[in-house]
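# Remarks on the overall topology
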Amino acid sequence: MEKTAINTACNVQQLSISFGAELLWENINFHLAYAYSSGLIGRNGLGKSVLMQVLAQQHSHEWNVQGQINWQCPHLYLPQVQRLNVVTIAQALGVSTLYQAFQRIEQGLADEADFELLADKWALPALWQQQLEEWALPVDLDAHVENLSMGQQTKLALCRLFLQPDAYLLLDEPSNHLDQASRQKLIQAMNAHAAGCLIISHDREILEHVTSVHELSEHGLKMYGGSYSFYAEQSQLEKDALVQKVTKQTQEIKQKQKRQVLELQKSQKRQQTGKKLRVSNSQAPILLDMKKERAGQSLGRLSNQQQRQIEADEQNLKQNQQQLETVTPQKFEFELASVKTGEIIRLKNIKLAYGNQRAIDLYISSGSKMHLQGANGSGKSTLLKTIHGDLMPLSGEMTSTGKSIYLDQNFSFLNLEQDAVFNLQMLNSSINATEWRTLLGQLRLRRDKGIMPLKYLSGGERLKIALLGLSKYSESIDLLLLDEPENHLDIDSRKLLAEAIVNFNGAVILVSHDAYFAKDCGVNDIINLP
């Protein structure tokens, strides 16, 4: 696509955001370029989703927002969770009124108002069908959204946004739940979108196609021109240079302190020499007193000067050390020790209620780790719900001898109106609030995050709370059913979760569109749903 001359889609000045006593950032400034795609990156919990909600003017009233946000063009927002809240595909696309008018014309029930409404819009039905087909979605605009998978719902939400070429798009983790083919479609749509977009993502493949990267850290927001690879290279160079600077400053301060000690030792020696001369009466006392006074004044001035310089250097060093973002290692493991051996689940000629209608035969043994693959809408989540007992199959037999626990894509067992500690104690009341807060801190969920209603937390933070609750579940678990658990997690947290899955001694069925993550989880078998 040919880019237009660079214009500003949005200009942000002196933006400060706080929640209660917690200050997220203060006086940050940046702009979003029209007709270009930008990535917004940063660790879980730093407030990327909050920043995007503020930009979209859809943040909670409980966030205190100060500063100026000036949009120069229309803008649309894709939230991280609850992507759609409609009944039909027509409503999801925002075309219900037009679609109903076309329907009345086809049925011979139209009036003059319908023809006036559609006067210059006769090509729209073909465009709608084309877009739905390109995103591999049902073309029946009366179809119900609730029957679509999470991946299909995400594609439908994206389809609506990309139908608005003049609107700058704010996309919060748009690749979550998408299969590989749909991710490629997303990249294609990003590159072709005329107005540009800002994308929150931990997906390297997506970030390689942006033209700039905004890095959010505890120090604020910094922009790098270029793709993620360019950002990673430049960021590492800056970090290496700062590390060298801090190391050099630390050494210089130690040397100055050492010289200060040596000067003091020399002064003490001169004082001892003066005392000896005074005792021996080899020099006049008045002369010794003059020398002592001059030496004391000189040493005092030098000592004060050296101390001021050391204090200034230490303050400069402290500022540079603070720029080296301190990342506290996270700690997480599943403690749900399985006691079962042999067969846990057996499916025979199972036909699912939704998605894949082929008969499924599946045998799951203790300790096995399976990667469940398939395109969006093939029935992966339906299969997990069936195994867990949440859905009945249309036909077939299923036997189970172990206890399973299911982490769905929406963390449905969490109460978003309550805080983290409340939710965690519902899963295991034997762990007190103080212990839960300590465990939350080990996942970088500190201070107000433990007492804040979950609806104000990011998807990554909610997922960490859900995983923590499951890891400390009050009963022994034989089978973990994990539906795209890596969604919302930053790279470090994904590695931590993969290690926990590897070390879990029970069985695991993992749904993931990330082959690298699945490999890191130690999967030893693959199930494909066509």
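First, a word on scope: everything that follows refers to the structure included in this document. Model, not experiment: these values are computed from the prediction.

Rules of the game
Residues numbered from 1 in each chain as written. Predicted model: local features only at pLDDT ≥ 70, side-chain atom pairs only at ≥ 80, totals over all residues. Heavy atoms only, no water. Salt bridge = Lys/Arg side-chain N within 4 Å of Asp/Glu carboxyl O. Helix = DSSP H or I, 4+ residues; strand = E, 2+ residues; numbered from the N terminus. Buried < 20%, exposed > 50% of the residue type's maximum accessible area, 1.4 Å probe, protein only. Arc of directions from axis to C-beta. Polar contact = N/O pair within 3.5 Å; in protein donor to acceptor, adjacent residues only side chain to side chain. 1 Å grid on protein atoms, 1.4 Å probe; cavity = no way out; pocket = protein on both sides within 12 Å on 5 of 7 lines; lining within 4 Å. Points joined across faces, edges and corners; volume = space filled by probe spheres on them. Nonpolar A, V, L, I, M, F, W, Y, C, P; charged D, E, K, R; others polar.

## Description of the pattern of salt bridges
Under the definition given, this model contains ten salt bridges. For Glu134, the salt bridge is made with Lys185, and the minimal N-O distance between the two is 2.9 Å. Of this pair, Glu134 sits in helix H5 (residues 124-134) while Lys185 sits in helix H7 (residues 180-192), and the two are 51 residues apart along the sequence. Look at Glu134 and you get partly exposed, because its relative accessible area is 37%. In this structure Lys185 comes out as buried when scored by relative accessible area, which is 12%. Close ionic contact of Glu475 with Lys403 constitutes a salt bridge, the shortest N to O distance being 3.9 Å.

## Focus: helix H12 (residues 420-427)
All buried positions along H12 are accounted for by Ala420, Val421, Asn423, Leu424 and Leu427. Down the axis, H12 shows its buried residues gathered within 160 degrees of arc, on one side only. Near the N-terminus of H12, the side chain that reaches the backbone nitrogen of Val421, with its oxygen 3.2 Å away, is that of Asp419.

## Some points on empty space enclosed by the protein
All told, the structure shown has four cavities of 30 Å³ or more when counted by the stated rule. Estimates place the volume of the second largest cavity at around 60 Å³. Here the lining of the second largest cavity is built from residues that sort into one nonpolar, eight polar and two charged.

Note that all results are geometric; they support no functional claim without further evidence.
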